Amino acid sequence: MKRSYAQAPIATVSAANGIEYAYREVGDGGVPLVLLMHFRGNLDNWDPALVDTLARDRRVIAFDNTGVGRSSGTTPGTIAQMALDAIAFTDALELTQVDFLGFSLGSFVAQEIALIRPALARRIVLASSAPQGAPGMHGWAQWVIDAVGEPEIDPASVLDVFYTRSPESRSAGEKAMGRMFTRAELDAPTTWQTRQAQYDAITAWGIPSISLLERVTAIQAPVFVANGDSDPMILARYSHLLAGLIPQARLKIYPDSAHGFLFQHHAEFAADVDAFLTDPQ
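Residues numbered from 1 in each chain as written. Predicted model: local features only at pLDDT ≥ 70, side-chain atom pairs only at ≥ 80, totals over all residues. Heavy atoms only, no water.

Caption draft 1: Just the pairing of strand β7 (residues 223-228), in detail. With six of six residues buried, β7 is to be regarded as a mostly interior element. What you see with β7 is no split at all: V223, V225 and N227 on one side and F224, A226 and G228 on the other are buried throughout. Pairing analysis gives four bridges linking strand β6 (residues 121-127) to β7, with the strands arranged parallel. Across the sheet, residue A127 finds its bridge partner in β7, namely A226. With six bridges connecting them, β7 and strand β8 (residues 249-254) associate as parallel partners. Along β8, the bridge assignment pairs A226 with K252. Crossover connection from β7 via helix α8 (residues 236-245) to parallel β8: handedness right-handed. (Buried < 20%, exposed > 50% of the residue type's maximum accessible area, 1.4 Å probe, protein only. Helix = DSSP H or I, 4+ residues; strand = E, 2+ residues; numbered from the N terminus. Pairing = 2+ DSSP bridges. Right-handed = clockwise from strand over helix to strand, strands pointing away.)

Caption draft 2: How the structure looks around unusual backbone geometry. Within the chain, R40 stands out as a residue other than glycine whose phi angle is a positive 65°. Take R40: it is sitting in the loop between β3 (33-36) and α1 (48-54).

Caption draft 3: Just the pattern of salt bridges, in detail. In the structure shown here, the tally under the stated rule is 14 salt bridges. As a salt-bridge pair, R70 and D187 come within 4.0 Å of each other at their nearest N and O atoms. Note that R70 is positioned in the loop between β4 (60-63) and α2 (79-92) and D187 in the loop between α6 (167-180) and α7 (192-205), a separation of 117 residues in sequence. Given the relative accessible area of 39%, R70 is considered partly exposed. (Salt bridge = Lys/Arg side-chain N within 4 Å of Asp/Glu carboxyl O.)

Caption draft 4: Inspection of the nonpolar core at higher detail. With 93 residues, the main nonpolar core has W46 and F269 as its most contacted residues. Here the element with the most residues in this core is α2; it accounts for seven residues. Among residues more than four places away in sequence, those in contact with W46 are Y5, L35, L36, M37, V51, A62, L101, F103, M180, R183, L262 and F263. (Core = buried A, V, L, I, M, F, W, Y, C linked by side-chain atoms within 4.5 Å. Contact = heavy atoms within 4.5 Å.)

Caption draft 5: Summary view of the sheet that holds β4. Reading across from one edge, β1-β2-β4-β3-β5-β6-β7-β8 is the order of the eight strands in this open sheet, with mixed pairing throughout. Strands with a single pairing partner mark the edges of an open sheet, and in this sheet they are β1 (11-14) and β8. In this sheet, neighbouring strand axes are inclined to one another by 25° on average, regardless of whether the strands run parallel or antiparallel. Here β3 pairs with β4 via three bridges, running parallel. Directly across from L33, in β4, lies its bridge partner V60. (Axes fitted to C-alpha atoms, helices over the stretch in contact; angles between N-to-C directions.)

Caption draft 6: Just α8, in detail. Among the residues of α8, those classed as buried are A236, Y238, S239, L242 and A243. Summarising the axial view, the buried residues of α8 lie within an arc of 155°, below the 170-degree limit, and thus occupy one face. Opposite its buried face, α8 presents the exposed residues R237 and G244, each directed more than 90 degrees away. For α8, the secondary structure elements touched by its buried residues are α3 (105-116), β6, β7 and β8. (Arc of directions from axis to C-beta.)

Structural data, given as structure tokens:
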């Protein structure tokens, strides 16, 4: 039986940029799928139910970017530098071509990687995403940043952002959280420095600029854009906008779900990702 993500140990690798990156990996075969995490998230914030399903037929690698969790260094305050650091991680593992699944902040990083080093990204999944410069994306609503941006993270407040108020969605969120943090070896919590730097990067990404929207038209890799229909952090309309700008993009919006749609609908989302990654077209 293959090892579950919940049992996967934390490994480290030294990169040419001087950073010691922490990562977990499961599965084998095929083009590796590299996961890029959301705001303030670390290795523990990936739902094992999702990762294990994705890893049935491929190698899946989750990592802490610079300064996050157990990785060394200081978290940068720009998406561009986060992308360069992610590329340094893939170089350290001697990966020449990968698929990327970027979630929220990680989806911004994935877009930047596809622009900086197009040959690295074979296919890209952008979950809860928006293009740089989208009007209305400059910072999150006050109640959202209050819920996820305080020094002490309140699980109940996170549930309010990641799941809807329906009993079905809330129950799915509670189960996902239970799966994430029932493991023997936990990652190091993200620091306040990481929180500040990441939100600076997110806010700068959202400064309105119509000209910057043209950047993603240069992404030539096939892209799957996905979101929940009630995401309060990155509204579904931004995913529609992003999918309309990228030449080879397809879009799916999942019902009765918010920012954590990919964990709530983990089986359906994993099946959709697998179909996208294995599509011969």
